[in-house]
Structures are given as C-alpha cells and as structure tokens.
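If you want the building blocks of each chain, they are given just below.
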Amino acid sequence: MNSEPRIALSRPVADEVRKTTCYMCACRCGINVHLKDGKIRYIEGNRDHPVNRGVLCAKGSAGIMQHYAPARLRAPLKRVGPRGSGQFEEISWEEALSTATEWLGQVRHTDPKKLAFFTGRDQSQSLTGFWAQQFGTPNYAAHGGFCSVNMAAAGIMTLGGAFWEFGAPDWERTKLFVMFGVAEDHDSNPIKMGIGRIKQRGARFVSVNPVRTGYSAVADSWIGIRPGTDGLLILSVVHELLKARRIDVDYLMRYSNAPWLVIDAPGTAGHGLFARDDEGRALVFETVTERPVPVGTKGARPALSGRFKLDDGRFAVPSFQLLAEKYLDPKYAPEAVSEETGVSADVIRGLAAEIARVAFDEAIIVEQPWTDVNGERHPHFVGRPVSFHAMRGVSAHSNGFQTARALHMLQVLIGAVDCPGAFRFEPPYPKPMTAHPTPHGKAEHFGSNKPLSGPHLGFPRGPEDLLVDAEGKAMRIDKAFSWDAPIAAHGMMHMVIANAHAGDPYPIDVLFMYMANMVWNSSMNTAGTMTMLTDKDPETGEYRIPKIIYSDAYSSEMVAYADLVLPDTTYLERYDCISLLDRPISEPDAVQDAIRWPVLEPDRDVRAFQTVLLDLGARLKLPGFADNHGHPLYKDYADYIARHERRPGIGPLAGFRGGNGDRAGRGAANPHQLERYIENGSFFSAHIPLEAQFMKHANQAYQDFAVRMGFFDTPQPVTFQLYSETLQKFRLSAEGLREPVAPQTHRERILGAFDPLPQWYRPLGEAMVDREAYPYHAITQRPAAMYHSWGSMNAWLRQIHTKNPLYVPGSICDELGLADGDWVWVTSSHGRIKVEIARMEAVNSRTMWTWNAIGKRAGTWALDANAPEATKGFLMNHLINELLPPRADGMRWSNSDPVTGQAAWYDLRVRIEKAEAGAVSEPHFPEIAQPETEPHPSVLRYGQEWAT
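Remember, predicted model here, so these are calculated numbers, not experimental data. (Residues numbered from 1 in each chain as written. Predicted model: local features only at pLDDT ≥ 70, side-chain atom pairs only at ≥ 80, totals over all residues. Heavy atoms only, no water.)

### Focus on empty space enclosed by the protein
Logical step 1: This model, assessed by the stated rule, comprises eight cavities of 30 Å³ or more.
Logical step 2: Looking at the largest cavity, its volume works out to about 300 Å³.
Logical step 3: Around the largest cavity, the lining comprises 24 residues; the ones closest to its centre are Arg-121, Met-515, Asp-552, Tyr-554 and Trp-790.
Logical step 4: The residue inventory of the lining of the largest cavity, partitioned by class, reads 10 nonpolar, 10 polar and four charged. (1 Å grid on protein atoms, 1.4 Å probe; cavity = no way out; pocket = protein on both sides within 12 Å on 5 of 7 lines; lining within 4 Å. Points joined across faces, edges and corners; volume = space filled by probe spheres on them. Nonpolar A, V, L, I, M, F, W, Y, C, P; charged D, E, K, R; others polar.)

### With respect to the sheet that holds strand β26 (residues 576-578)
Logical step 1: Taken in spatial order, the three strands make up an open sheet running β26-β27-β28, and their pairing is antiparallel. If you trace the sheet from one side to the other, it starts and ends with β26 and β28 (683-687), each paired once. Looking at each pair of strands side by side, their axes are set apart by 10° on average, direction ignored. (Pairing = 2+ DSSP bridges. Helix = DSSP H or I, 4+ residues; strand = E, 2+ residues; numbered from the N terminus. Axes fitted to C-alpha atoms, helices over the stretch in contact; angles between N-to-C directions.)

### With respect to the state of the cysteines
Logical step 1: Within this structure, the stated rule accounts for zero disulfides.
Logical step 2: For the unlinked cysteine Cys-27, the closest cysteine sulfur is that of Cys-25, found at 3.5 Å.
Logical step 3: Looking at Cys-27, the relative accessible area reads 4%, which means it is buried. (Disulfide = S-S within 2.5 Å. Buried < 20%, exposed > 50% of the residue type's maximum accessible area, 1.4 Å probe, protein only.)

### Observations regarding the packing of helix α4 (residues 125-135) against helix α17 (residues 609-619)
Logical step 1: The interhelical angle for the contact between α4 and α17, taken along N-to-C directions, is 20°, at an axis separation of 11 Å. With respect to α17, the axis of α4 lies roughly parallel. The crossing of α4 and α17 is left-handed. Where α4 approaches α17, its residues Leu-127, Thr-128 and Trp-131 are matched on the opposing element by Phe-609, Gln-610, Leu-613, Leu-614, Leu-616 and Gly-617.
Logical step 2: Of the residues in the contact of α4 with α17, the class split is six nonpolar, three polar and no charged. (Parallel < 35°, antiparallel > 145°, perpendicular 65-115°, else oblique. Left-handed = near helix turned anticlockwise from the far one by under 90°. Contact = heavy atoms within 4.5 Å.)

### Thoughts on the side chain of Asp-897
Logical step 1: Structurally, Asp-897 can be placed in the loop between α25 (868-871) and β34 (909-915).
Logical step 2: In this structure, Asp-897 is buried with no salt-bridge partner, the nearest side chain bearing the opposite charge being Arg-749 at 7.1 Å.
Logical step 3: A polar side-chain atom of Asp-897 sits 3.1 Å from the main-chain amide nitrogen of Phe-401.
Logical step 4: Contact partners of Asp-897, with chain neighbours within four places excluded, come to Asn-150, His-397, Ser-398, Asn-399, Gly-400, Phe-401, Tyr-761 and Gln-902. (Lys, Arg positive; Asp, Glu negative; His and termini not counted. Salt bridge = Lys/Arg side-chain N within 4 Å of Asp/Glu carboxyl O. Polar contact = N/O pair within 3.5 Å; in protein donor to acceptor, adjacent residues only side chain to side chain.)

### A few points about the sheet that holds strand β15 (residues 308-309)
Logical step 1: Spatial ordering of the open sheet is given by β12-β16-β15, a layout of three strands whose pairing is antiparallel. At either margin of the open sheet sits one strand with a lone partner, and together these are β12 (261-264) and β15.
Logical step 2: Across four bridges, the pairing between β12 and strand β16 (residues 315-318) is antiparallel. Of the residues in β16, the one forming a bridge with Ile-263 is Ala-316.
Logical step 3: Running at roughly 65° to β16, helix α10 (residues 319-327) makes contact with β12 and β16 of the sheet.

### Considerations on the environment of Asp-662
Logical step 1: Mapping Asp-662 onto the fold places it in the loop between α18 (637-643) and α19 (673-679).
Logical step 2: As a C-alpha pair, Asp-662 and Lys-536 span 126 residues in sequence and 58 Å in three-dimensional space.

### Concerning unusual backbone geometry
Logical step 1: Cis geometry is adopted by the peptide bond preceding Pro-430, which originates at Tyr-429 and carries an omega value of 10°.
Logical step 2: Cis geometry is found at the peptide bond from Asp-504 to Pro-505, where omega equals 15°.
Logical step 3: Its identity as a non-glycine residue notwithstanding, Asp-37 has a phi of 55°, on the positive side.
Logical step 4: With respect to the element layout, Asp-37 can be found in the loop between β2 (30-36) and β3 (39-45).
Logical step 5: Assessed through its relative accessible area of 65%, Asp-37 is described here as exposed.
Logical step 6: Of note, Ser-682 is a non-glycine position whose phi angle comes to about 75°, a positive value.
Logical step 7: If you trace the backbone, Ser-682 turns up in the loop between α19 and β28.
Logical step 8: A relative accessible area of 0% places Ser-682 in the buried class.

### Quick word on the pairing of β3
Logical step 1: As defined by bridge partners, β2 adjoins β3 across six bridges and the pair is classed as antiparallel. Among the inter-strand pairings, Asn-32 is bridged to a residue of β3, identified as Glu-44.
Logical step 2: Taking the residues that link successive antiparallel strands as the turn, the β2-β3 hairpin has two residues, and the phi of Asp-37 there is positive, at about 55°.

### Concerning the environment of Ile-263
Logical step 1: Mapped onto the elements, Ile-263 comes out in strand β12.
Logical step 2: Sequence separation of Ile-263 and Leu-310 is 47 residues, and the distance between their C-alpha atoms is 8.9 Å.
Logical step 3: In contact with Ile-263, not counting residues within four places along its chain, are Gly-270, His-271, Gly-272, Leu-273, Phe-274, Ala-275, Leu-310, Arg-314, Phe-315 and Ala-316.

### Considering the pattern of salt bridges
Logical step 1: The full count for this structure, using the stated rule, is 63 salt bridges.
Logical step 2: Of the charged contacts, one joins Asp-504 and Lys-479 as a salt bridge, the two residues approaching to 2.7 Å between their closest N and O atoms. With Asp-504 in the loop between α15 (496-502) and β23 (510-514) and Lys-479 in the loop between β22 (423-425) and α15, this pair connects stretches of sequence that are 25 residues apart.
Logical step 3: Asp-504 sits in the partly exposed class, given a relative accessible area of 33%.
Logical step 4: In this structure, a network of salt bridges that share partners links the residues Arg-226, Glu-340, Arg-762, Glu-766, Arg-771 and Arg-909.

### Some words on helix α5 (residues 149-158)
Logical step 1: With 10 of its 10 residues buried, α5 lies for the most part within the structure.
Logical step 2: The inward-facing, buried residues of α5 contact β21 (386-390), α13 (392-395), α14 (400-413) and α21 (725-734).

This is the structure in structure tokens:
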C-alpha cells in the first residue's frame with residue numbers, strides 16, 4: 001500500500017462547505033456552497049440529495065452571482081418622488097415597520113378586505129396564507145393563478161394530484177414518455193436526469209409542443225402542435241383507444257367513477273348528478289342481482305353501460321356510457337381534428353397505437369403482494385409503462401383546465417396512474433378533493449380584528465361555496481371563486497391591480513406584495529398596469545390604489561412603483577421551509593422536505609421577508625403571532641419553523657420531530673430540529689415501504705402510512721373522477737335548475753366551459769378576434785438558463801441570453817420576405833411591438849415565439865440603461881390584455897380560463913409586417929432612477945473582490 005500523501009491537483013476551493021437548498025428555480029435541488037475567506041467561491045450539486053443527486057444546472061451554479069448581484073437592495077426605502085420615478089430615501093427598519101403597521105392596522109380596524117396581500121413564488125405559502133387568514137382579509141393568493149392553476153385544479157379534481165409538484169414519471173420503468181408543453185426552467189434537473197435514464201434504457205420519448213427547443217430537441221418524436229389544441233389531440237387519441245377497445249376495464253371499474261350511475265332526467269335539478277342512496281353513497285348497477293347498490297358493495301359487478309330505473313322512478317346510466325358516447329363521435333376522429341391541431345391524422349393514429357401497444361403489450365409486473373382499501377389482496381402490482389408530463393404550455397390557455405382533465409382521463413383509461421412505469425404520486429398526494437377545504441372569505445367570516453374562519457384557497461363543491469354576496473357580487477378583489485371564475489383554486493393575482501384600480505368590486509387601501517414583478521413581466525397589458533399604479537383620482541388627487549408595500553431582494557421594475565420597500569435577503573442568507581404543508585421535495589418512493597439556512601450573514605441592512613411578516617403579525621397582535629399580552633410568539637422565522645404547529649404534532653417540517661428528534665411526520669416540536677436538518681444536508685427523507693409505493697389512491701398500506709405521517713387523520717382513498725359532478729352542479733345553476741342560480745350574464749359562459757366530461761373549445765382570446773386579421777399564434781417559452789425575471793440580471797446567465805429575438809417560422813419568413821436580423825411590427829387586437837427577428841424551422845408553421853422575461857426596463861436590476869436587455873430585449877406582454885374584447889352587450893371578461901381563472905397567456909393571435917431597423921425595441925419606456933445599491937464595478941468577474 002502506498003503511504004505517500006496524494007498530490008493536490010489544484011488549490012483548495014474552500015475553507016468550508018455548507019449544504020443547503022437551491023432557489024435558482026423551483027427544483028429545490030441540494031447544493032454544496034463552498035466558502036473561502038467569508039465569500040462564496042463555488043456552488044455544486046449535493047450528491048447525497050434525493051432531488052438532483054449531485055446534478056446542477058447553469059442556474060444553480062450561477063447562484064454565486066445571484067447572491068452578489070449589484071441589484072440587491074441594501075436598506076428599507078420610502079418613496080419621495082412620484083410613483084414610478086424610482087426616487088426613494090433610505091429609512092430605518094423601525095420606521096419601515098412602524099409605517100407598515102400603521103397602514104395595515106388602520107385597515108384591519110376598519111375594513112380588513114381593503115388589504116390585498118399577494119405573493120409571487122415565495123415557497124412559503126403556508127405561512128403567508130396563515131398570516132392573511134389571521135389578518136382577516138379575504139384577499140390573498142400567490143402566483144399560481146397566472147402560472148399553473150389549470151394543471152393543479154384539473155389534477156386534484158380528477159386524480160387527487162397533478163403533474164409537477166404532485167407527482168413524477170416512473171423514470172426507471174417507463175417505456176414511453178409523452179410530454180406536453182413543459183416549461184424548460186421548471187423541474188429541469190429531475191427531467192433532464194429522467195430523460196437521460198429513459199434514453200439509456202432505450203425507452204421512447206415523444207414531445208408535443210409548438211416549439212422544438214430544450215427537451216423537445218432530444219425527443220424521439222416531436223409533434224409540433226398548434227397552440228391551444230392539445231386537448232383536441234388528446235380526445236382524438238381517446239377516440240382511437242375506445243374504437244380499438246384498448247382500455248383497462250378492470251382498472252376503470254375498481255378505481256374510477258366510470259360505473260357510477262348518472263341521473264338521466266333533463267329539466268330537473270338532479271339531471272347529470274350521481275344517483276345516491278339515503279346515506280349519500282353513489283350507486284352502481286350490479287349486473288348479477290340486477291339492482292342499484294352502493295359503490296364498494298363487496299362482490300358487486302357493476303355495469304359500464306345500459307339505462308336503468310332507480311327506486312324513485314328516475315333513470316340513470318353509468319358515467320362510462322356517457323364518456324364512450326361522447327368521444328366515439330366522429331368529430332374526434334383523427335381526420336376531423338387534423339386541420340385544427342396542425343397534426344396529421346396518421347401521426348395522431350400512430351400516437352394512439354403506440355400508447356396502447358406499450359400500455360398493454362409491454363405491461364410490467366412488480367412482484368409485491370398488496371391489499372387495497374376494500375380488503376382485497378393482490379399478488380403483485382401491474383404496471384402500464386406509459387408516463388405523461390405536462391405544464392404551462394397546456395395550462396396557460398383559457399381551455400387549459402379541460403385540456404388537463406382530458407390528459408388525466410387518458411391516463412386513467414389505460415390504467416396508467418400510480419402503477420409501475422407510469423405517472424406516480426409524490427406524498428402527501430394523492431388527496432381527494434374532499435380532503436381540501438372550501439374557500440373562505442364570505443362576509444360573515446370576517447370583520448374588524450377577526451381572523452377568517454378558514455383558509456382562503458380551496459375547492460368549491462358547487463355554486464353554494466362561491467364567495468359572492470346575496471346579489472352575486474364577488475367578495476374578493478381578484479374575483480376568484482365568483483361566477484367569473486368559480487374554481488379559482490390559486491386565486492387570480494393577474495387581475496388584482498386592474499380590479500383595484502377600477503374599484504371593482506370595491507376599492508382597496510393597501511396593496512401588499514412580495515416577490516411579484518407585477519408592473520413588468522408578470523402582468524398582461526404591462527403599459528396599462530404602470531398607468532393604473534400611477535393613476536390618481538381627479539377629485540381627490542390621491543392615487544387610486546392609495547398605498548403599496550412591496551418586498552423584494554432586488555431592484556426590480558415593481559420596486560419603483562412602491563411607496564414602502566422592505567428589502568429581502570438572498571436565498572443564501574435566510575431560513576426557508578420547503579414543507580409538506582406547502583410544496584415539498586418528495587419523490588414517489590419517499591416522503592421528503594427540506595430547508596434553506598443562512599450559509600452567509602447579510603452584509604446589508606436587509607431582513608428575510610418571512611421574519612418581517614412574523615414581526616408585523618406580532619405588532620398587529622394577530623392571533624397566532626402574538627400572545628394574549630401582545631407579545632410575539634416567535635422570535636423569527638427559524639423559531640416559527642421549529643415550534644409552530646398547524647395541528648397537534650404537525651408542524652412545517654416532518655423530520656426529526658419529538659424531544660429526541662427520532663419522530664417522523666407526527667411528533668412534538670424539537671428545538672434542535674433545524675440543526676438536525678443542517679447536519680443531514682438540509683433535507684429529510686422517509687422511505688415508503690415497497691408494499692405502499694404504488695396505487696397509493698387505493699392501497700391500504702399507503703393509506704395507513706399516510707395517517708402515521710400526519711398527512712391525514714383518517715385514510716383518504718381517491719376514486720378517479722372522470723365525470724365531474726361539481727362541474728355539472730354549475731351547469732344546472734346556469735340552466736336555472738339549481739340554487740344559487742347563475743346570473744343571466746354568466747350562463748352561456750358556464751354552459752360552454754363546465755362540461756362534466758373533458759371537452760375542447762377554441763381558446764377564448766383566439767375565438768373572439770378576427771383570425772384572418774390576426775393569422776398567427778404568438779407564445780413565449782421559459783429558457784432553461786433563466787427562471788422568471790431575476791435570472792436575466794445574473795452576470796453569468798446574462799451571457800447566455802442578453803436579448804430575445806422573435807423566432808419566426810421559415811414559411812412565414814419566405815412569405816413576407818424576412819431574414820435574420822430584420823425588424824418587424826407585431827400587432828395584436830390590443831397593441832403592437834417592434835422587435836428584431838430570427839428565422840426558425842423547428843416550430844409550428846403558424847406560430848412565432850420568444851424567450852420570456854429577458855427584456856428589462858432601463859434603470860432597473862442595476863443594469864446599464866444601454867444593456868441589451870433594455871434595448872433589444874422585449875416583452876410579449878404588451879400585446880396581451882388582461883381583459884377579453886368586449887362582447888355585444890359591452891361586457892368584458894378577464895382574459896382567463898372561465899373555470900379556474902388561469903391567465904390565458906398563450907391565447908394570443910397576431911400579425912406581423914416588416915419594419916425599418918431600429919436601435920431599440922418598442923415600446924421603450926423612460927429610464928427609471930435606480931434605488932441606491934451597493935457600489936459595484938461595471939464589469940463583474942468571478943474571483944474579484946465583490947462590491948468594490
């Protein structure tokens with residue numbers, strides 16, 4: 001054995017390595033932060049971390065330059081010039097918090113709903129939502145309403161979970177992976193790792209996306225679909241599977257509501273609802289005894305077709321019969337949908353055949369006995385190795401909710417949900433919709449100095465759960481859970497400013513926002529939003545939105561429009577909790593959560609927003625934040641994470657609970673819990689026993705495990721809801737057959753969008769404009785190297801995308817005589833922009849696109865006013881209105897999905913024409929004065945002394 005010491009190949013990178021959780025996108029990867037001389041010198045992936053296993057992308061590595069960004073705010077700010085001017089003076093934290101307490105206190109003592117509190121991607125919504133609930137305002141939500149609520153709501157209402165943070169493909173076993181419209185900055189490391197694994201095994205990858213970039217570029221098959229028609233393509237695939245009888249009948253019978261009887265009594269209040277017994281149990285028709293019996297009756301063999309007479313004389317049919325009749329209609333045949341989708345009939349038919357072949361001819365078996373929730377013992381798990389994934393490309397359309405439901409229906413029809421090789425749930429999901437709360441915020445639930453009686457966000461079971469007054473008027477400022485958007489499960493953040501400016505349904509006094517760049521890339525009608533925030537009442541001379549409090553770590557565009565700025569830390573300077581109460585890092589085989597912790601102390605006068613929120617809660621004496629004597633309950637956010645309990649024994653973190661830190665899920669608060677997390681690499685993981693890993697929706701071992709972990713207090717099995725009774729209740733209200741009756745103004749809209757079986761309709765923003773006058777689609781994509789707006793001010797990541805051209809299909813370039821570097825006017829029914837183009841062939845021939853959020857307003861993010869982002873960069877947002885075109889009666893709806901209120905970013909139709917070359921993209925706004933930030937060089941280099 002050689003006893004000679006090893007020769008060092010390079011100088012040591014660091015004096016110390018600290019393990020925490022990345023925040024450069026929403027993957028929540030584990031990272032090792034290398035420190036030397038008190039500075040960050042290197043960030044690498046943590047090989048022991050269950051999410052990324054050491055893999056780290058460009059964004060994660062560039063966290064150094066995020067932490068040392070010149071754009072970091074350095075102290076609290078008070079506006080001293082007009083809104084939007086960027087003119088501030090620095091103040092102390094005591095003055096800032098006293099001012100905020102005064103403003104918020106006045107609202108709470110008079111009319112709590114005059115506070116609108118909305119947050120961006122803060123990843124601590126269990127805290128921010130609890131704070132707003134205790135304040136008593138009905139006006140709270142996070143960014144999901146303009147991101148992916150269609151996906152989340154459709155998944156939870158159909159399966160009990162959804163794509164993205166609710167589940168993942170079984171990368172190790174799947175043989176066919178089909179992906180629809182996934183944003184390349186979301187979940188990027190796990191997806192890249194997963195695609196690599198399936199390719200290594202020879203599995204097939206199909207991507208359905210108008211644009212062939214990123215993941216789509218490495219797909220075995222790319223289907224360049226026309227935007228907004230994914231649902232029609234999926235329903236055509238369903239048509240083919242039903243025709244060929246390539247469905248998993250046993251799976252449907254056991255785990256879905258396919259055999260449930262649906263009342264067939266047109267013109268009555270019960271039509272289209274499930275037939276139930278006196279105890280409220282849904283009925284099926286038992287084929288041996290030939291009578292209706294409750295779901296779950298032992299030994300019952302339910303019918304999937306037929307028309308049966310109920311004991312009360314009415315007739316009913318199994319919901320599967322309605323499903324089959326609907327989708328076997330020739331209008332869903334591949335030839336019938338080919339022109340609309342832009343996908344040939346042969347490709348559609350081939351996709352359906354491939355899905356069926358892999359699901360049924362290449363089925364797999366995991367030899368593990370298990371018992372279902374009905375007590376039946378199964379010798380093994382049967383796997384249908386077809387997995388699906390989808391995200392914003394499907395979600396961000398006004399028909400996205402029904403499209404996502406269609407995709408989930410396809411999964412259930414082939415038996416490919418939470419079985420080996422398919423899409424699999426990540427704990428604490430699946431959860432039936434009944435395990436989620438209904439939304440709270442009715443007038444009787446709030447008042448001065450009183451908390452709401454429950455959480456703001458949830459799932460209405462029917463129109464009776466809407467947040468409307470006796471006249472049908474919305475009770476929330478964003479009109480979520482009103483007749484405008486009945487199932488707005490994530491709120492409608494994109495409508496807050498427009499509604500508050502209009503005083504519809506009422507004016508507000510304070511707008512309080514965190515990490516939400518609503519004056520720039522996170523709002524439709526960006527120029528109009530800036531006007532709304534600076535508009536004054538001509539009679540009083542006061543701003544129509546009187547007070548704006550904003551918290552961010554960086555000098556974003558939104559900072560300039562605030563009256564009071566509370567500077568946040570960077571993600572490496574604070575505690576964060578990636579909680580099972582919120583958005584955990586779980587994997588299908590393990591329960592997992594994680595923390596961030598201050599690997600560096602702030603060198604500026606900034607404070608973590610979560611700690612600031614706790615301080616404000618105590619100053620306002622909110623229940624849950626101050627004791628009976630008005631003293632703070634928590635010292636800071638770290639103290640809250642360790643000691644707060646949402647239910648007895650259930651806190652923000654599931655790991656290392658109990659006095660000895662040896663409990664998982666349920667257990668007493670552990671004062672050393674955060675230390676244990678840090679020692680463990682800043683994450684906790686509890687393996688799920690093999691018997692409980694699959695079929696979680698109906699697996700007794702998993703249900704028992706979930707109760708032990710504290711996800712539920714009693715088992716909550718899920719029956720997949722292919723037919724939605726909730727949606728049918730809204731249709732009955734729109735027909736005037738069920739109380740509360742929908743307003744006459746909303747009936748046509750509800751009848752058109754709330755079909756209880758998944759449907760496709762042309763996106764509203766497209767259907768309401770002249771498609772010949774605006775012949776092309778225009779969409780944005782998120783680049784893999786950026787995440788929301790903050791990545792494009794990062795000194796390293798900027799070198800990848802310093803500007804964003806408009807990518808135009810070659811066919812359109814040839815038609816209009818356009819070439820790379822030409823300038824064009826792009827015009828929509830709302831506005832126009834002047835931008836530079838680049839020719840592209842790998843894109844749907846009727847679709848142009850650009851990278852999202854690259855463009856910046858001059859004077860923001862500490863960038864030079866002549867930086868490419870501020871001159872050649874641009875936003876598509878200027879072309880999109882937050883309202884749809886007026887109807888014949890003058891009424892204008894939100895440009896959103898009529899079911900969930902999801903912002904319909906991708907419904908945009910445009911025309912283009914060649915323009916004279918320009919020096920800057922248009923519209924181009926005047927430079928904003930930058931708040932004082934730390935001194936910095938004009939060129940940032942790795943290894944230089946920062947901030948000198």
